[in-house]
Amino acid sequence: MQTIIEPFRIKSVEPIYFNTKEERTVILEKAFYNPFQIPARDVLIDLLTDSGTSAMSSAQWAAIMLGDESYAGSTSFFKFESAVKNIMGFPIVIPTHQGRAAEKILFTILGGKGKYFLSNTLFDTTRANIEFSGAEGIDLLCAAGKLPSVPAPFKGNMDIDALKNKIQELGANNIPMVIMTITNNSGGGQPVSVENIKAASAVCKENKIPFFIDACRFSENAYFIKKREAGYADKTIAEIVAEVFSYADGCTMSAKKDSFANIGGFLAMHDKELATQCRNLLIITEGFTTYGGLAGRDLEAIAVGLYEVMEESYLQYRIRSMEYLTEKLIAAGVPVMQPAGGHAVYLDAKAFLPHIPLHQFPGQALVCALYEEGGIRSVEIGSLMFGKYDADNQFVPAQMELVRLAVPRRVYTQSHIDYVSEVIINVFNNRNEIKGLEITEETPLLRHFTAKLKPVK
Ligand code: F0G
C-alpha cells in the first residue's frame, strides 16, 4: 500500500521544548504523578485530548478576521447557523461555548429525580450533567463493545433489545431522551452504524421518546460507515452525515472535536417548544441566542471547520493515523483496543501491567511511565477516573483499565506517531520495572483531574 500522506502543508509551527528523562522524573514528582498537573511546555507529544487542540486551516484563520462581534444578529452567527442547518438538517441551532454547556442546558430542562437517560455510552460530562440534575444515566452498549481485544466493525452500537427492555421496565414517560454518542469516546472511539442509529430511532419513535445524537465526532463516524457498512461505499460523507442526522430529533455538539475549532459547541433540534426553553436558559448562562458564549470569530471558525472536517482526504489520513499506530503496537505484542478508534488509541493497562493490582492504578502508572520515558502525555480511563469506594470504604475498580492516547487533529506528523510507538514499545519491553501508585489526596467528584499520588514502596 502506498503511504497515505498528511493532506496539508505546514504554514505556521509551534516549537516543542525538549527535556531529558532525568528532568521528567523530577517534573513528574512535582506534578504528584498526575499529568493534568504538568505544564504543557514540559510535554513533548501531547495526547491528553483531541478536544480544542486541532490545528486550524488558513481558511479558518482568514474567516476569523471576518468575525462580526455584534451582540445581536451578527453576520458570523448566520454563517454558523447555515453551516449546521445545511450539514445536519436541523432547523433550530443554538450556539454554546462548548459541548458540556449544551448538555447542562438540555438536562436542566429535561432531567430531575425519577428520570432516566439511555445511551450506548454517555461521556463523563454528559453523565455528570444528567446526574447533577438528579436523573440517572444508563449505558446500553452492545456486547462486542465490551471486549477490548476482539475486533468488530461497529463496537459503539447500542444494544437495541436492551433498549426495548429498559423502556418497558422504566416506562417511556420516565425517559425524557435517548442519546447516541458517535463515535463512542468512553468505549474506545468506536463507531455506530446507520442500521443501529435507524433501529434506535424507530424504537424511540414508537415510544414517543426524543432521540438525540452526541455528535462530537460525527464525521469520523461517517467515514467508518462509508468504509464498513454495506451500501455506503459510494455515498459522500455529506450524504451519510445527512442520513444519520435525519433519524434524530436533535443533537448536542462540541465543536472542539469535529469542527477543528479551539472552542465552541451547539444544540440543534426540530422541537420549537424545547428550543424556547433552551434559549431562555442560554440567555442567563451562556449569552444571547446569536452568540451563546462565543465570539463572532469563533462562530466563523466553526462554520468553515464543519465543512473541512468532512473532506475525504482528511478523514482517510485521520483514521489511517490511528490504524498505523495500532498496527505497530500489535506487531510488538502491546495489548491495545481493537480495531483502532477514530480519534485515539487505547492501551489495555490491565494486560500491559498484570503485576500491578487494580487498587494501585495500573493505568495511571502506565500514563506516568510514558511521560517519563518519552515526554508523552496521555490520560487514564480506568480506576483513577471511575473507581469508587463502597459503603465499607472498600475500593471498587472500574470495568476496564485503559490509557487513551488521543491525537489532536492535523497537529502531528507520521514521524511524531513513529516516535510515540517507539516510546510505548520501549516502555512495554521494560514493563516489569513499573511500580504501582497510591493516592495521597483526592476530591469526592472527578478526582482524576486533581488527585495527588506517589509510587508504592
Ligand atoms: N461528549 C463527548 C462524546 C465528548 O468526548 C466530550 C468531550 C463532550 C461531550 C463534552 O464536550 O469538552 O466541549 O464540553 N470530550 C473531551 C475529551 C473533553 O477529552 O474526550 P466539551
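Cut-offs and rules
- Residues numbered from 1 in each chain as written.
- Predicted model: local features only at pLDDT ≥ 70, side-chain atom pairs only at ≥ 80, totals over all residues.
- Heavy atoms only, no water.
- Core = buried A, V, L, I, M, F, W, Y, C linked by side-chain atoms within 4.5 Å.
- Buried < 20%, exposed > 50% of the residue type's maximum accessible area, 1.4 Å probe, protein only.
- Domains from an automatic or database assignment.
- Contact = heavy atoms within 4.5 Å.
- Pairing = 2+ DSSP bridges.
- Helix = DSSP H or I, 4+ residues; strand = E, 2+ residues; numbered from the N terminus.
- Axes fitted to C-alpha atoms, helices over the stretch in contact; angles between N-to-C directions.
- Phe/Tyr/Trp six-rings, centres within 6.5 Å; stacked < 30°, edge-to-face > 60°.
- Lys NZ or Arg CZ within 6 Å of the ring centre and 35° of its normal.
- Salt bridge = Lys/Arg side-chain N within 4 Å of Asp/Glu carboxyl O.
- 1 Å grid on protein atoms, 1.4 Å probe; cavity = no way out; pocket = protein on both sides within 12 Å on 5 of 7 lines; lining within 4 Å.
- Points joined across faces, edges and corners; volume = space filled by probe spheres on them.
- Nonpolar A, V, L, I, M, F, W, Y, C, P; charged D, E, K, R; others polar.
- Near = heavy atom within 4 Å.
- Areas by Shrake-Rupley, 256 points an atom, 1.4 Å probe, with all protein chains shown as cover.
- Sits in = over half its atoms within 2 Å of the grid points.
- Right-handed = clockwise from strand over helix to strand, strands pointing away.
- Parallel < 35°, antiparallel > 145°, perpendicular 65-115°, else oblique.
- Left-handed = near helix turned anticlockwise from the far one by under 90°.

1. Quick word on the nonpolar core
- Judged by nonpolar contacts, the single largest core of 63 residues is most densely connected at Met-88 and Phe-218.
- Looking at which domains feed residues into this core, each of domain 1 (21-50 + 312-455) and domain 2 (58-308) supplies at least three.
- Beyond its immediate stretch of four places on either side in the chain, Met-88 contacts Phe-218, Phe-245, Cys-251, Met-253 and Phe-266.
- Of all hydrophobic cores here, the second largest spans 47 residues; its members include Ile-38, Ala-340, Ile-356 and Ile-434.

2. Structural notes on the sheet that holds strand S4 (residues 136-139)
- Read across the sheet, seven strands follow the order S2-S8-S7-S6-S5-S3-S4 without closing on themselves; strand pairing throughout is mixed. A strand with exactly one partner marks an edge of an open sheet, and here the two such strands are strand S2 (92-96) and S4. Strand-to-strand twist of the sheet, defined as the mean angle between neighbouring strand axes without regard to direction, takes the value 20°.
- Sheet topology places strand S5 (residues 177-181) next to strand S6 (residues 211-214); four bridges connect them, and they run parallel. Residue pairing in the sheet places Ile-179 in a bridge with Phe-212 of S6.

3. Describing the sheet that holds strand S14 (residues 402-406)
- Here we have three strands laid out as an open sheet, ordered S9-S14-S11, and antiparallel in their pairing. With partners counted over all chains shown, the strands left at the sheet margins are strand S9 (344-348) and strand S11 (379-381), one partner each. The sheet shows a mean angle of 30° between the axes of neighbouring strands, direction not considered.
- Pairing of S11 with S14 involves three bridges; the strand directions are antiparallel. Note on S14: the bridge partner recorded for Val-379 is Arg-404.

4. A few points about the packing of aromatic side chains
- Here the structure, examined in full by the defined rule, presents 14 aromatic pairs.
- In this structure an aromatic cluster arises from ring pairing among Phe-8, Phe-260, Tyr-314 and Tyr-317.
- Lys-452 extends its terminal NZ or CZ atom over the ring of Phe-32, reaching a point 4.6 Å from the ring centre.

5. Let's talk about the pattern of salt bridges
- What the rule picks out here adds up to 20 salt bridges.
- In this structure, the salt-bridge partner of Lys-85 is Glu-81, at a minimum N-O distance of 3.7 Å. Taken together, the residues Lys-85 and Glu-81, both in helix H3 (residues 75-88) and four residues apart, mark about one turn of the helix.
- For Lys-85, a relative accessible area of 35% corresponds to the partly exposed category.
- The shortest N-O distance in the salt bridge between Glu-169 and Lys-166 comes to 3.2 Å. Here Lys-166 and Glu-169 lie together in helix H6 (residues 160-170), a separation of three residues that amounts to about one turn.
- Several salt bridges converge on common partners, so that one network encompasses Asp-50, Arg-217, Glu-220, Asp-258, Arg-318 and Arg-409.

6. Regarding empty space enclosed by the protein
- One pass over the structure, following the stated rule, counts two cavities of 30 Å³ or more.
- Put simply, the largest cavity is a space of about 140 Å³.
- Element by element, the count of residues in the lining of the largest cavity is highest for helix H4 (residues 99-110), at three residues.
- Classifying every residue of the lining of the largest cavity gives two nonpolar, seven polar and six charged.
- Computed from the structure, the second largest cavity encloses a volume of approximately 60 Å³.

7. Notes on the site of the ligand
- Lining the immediate surroundings of the ligand are 17 residues, of which Thr-49, Arg-100, Asp-214, Ser-254 and Lys-257 lie closest.
- A total of 470 Å² of accessible area belongs to the ligand in isolation, and the protein chains cover 93% of it.
- Structurally, the ligand is housed in the largest cavity.
- If you tally residues by element for the shell around the ligand, the top one is H4, at three residues.
- Looking at the shell around the ligand residue by residue, the class counts come to two nonpolar, eight polar and seven charged.

8. Considerations on the layout of surface pockets
- Within this model, the largest pocket holds a volume of roughly 1,400 Å³.
- Surrounding the largest pocket, 37 residues form its lining, Ser-12, Glu-14, Ala-55, Arg-410 and Val-411 being those nearest its centre.
- At the level of elements, helix H2 (58-64) and helix H12 (312-331) are the ones that each hand at least two residues to the lining of the largest pocket.
- Looking at the lining of the largest pocket, its residues break down into 18 nonpolar, 10 polar and nine charged.
- In this structure, the lining of the largest pocket is formed jointly by two domains, domain 1 (21-50 + 312-455) and domain 2 (58-308), each of which donates at least three residues.
- Counted as a void, the second largest pocket has a volume near 1,200 Å³.

9. Quick word on the side chain of Thr-289
- On the secondary structure map, Thr-289 appears in the loop between helix H10 (272-285) and helix H11 (296-308).
- In this structure Thr-289 comes out as buried when scored by relative accessible area, which is 18%.
- Ignoring sequence-local partners within four residues, the contact set of Thr-289 consists of Phe-77, Pro-95, Arg-279, Leu-282 and Ile-283.

10. Considering the pairing of strand S3 (residues 116-119)
- Note: S3 against S4, four bridges, orientation parallel. Considered in S4, the bridge of Phe-117 is made with Gly-137.
- Handedness of the crossover joining S3 and S4 through helix H5 (residues 124-132) is recorded here as right-handed.
- Examined bridge by bridge, S3 and S5 share three bridges and lie parallel to one another. Residue pairing in the sheet places Leu-118 in a bridge with Val-178 of S5.

11. A look at the packing of H12 against helix H16 (residues 414-429)
- Contact pair H12 / H16: the axes reach a minimum separation of 10 Å and the direction vectors enclose 30°. What the angle tells us is that H12 and H16 run roughly parallel. Handedness of the crossing formed by H12 with H16: right-handed. Of H16, the residues touching H12 (which contributes Ser-321, Tyr-324, Leu-325, Lys-328 and Leu-329) are Gln-414, Ile-417, Asp-418, Val-420, Ser-421, Ile-424 and Ile-425.
- Classifying every residue of the contact of H12 with H16 by side-chain character gives seven nonpolar, three polar and two charged.

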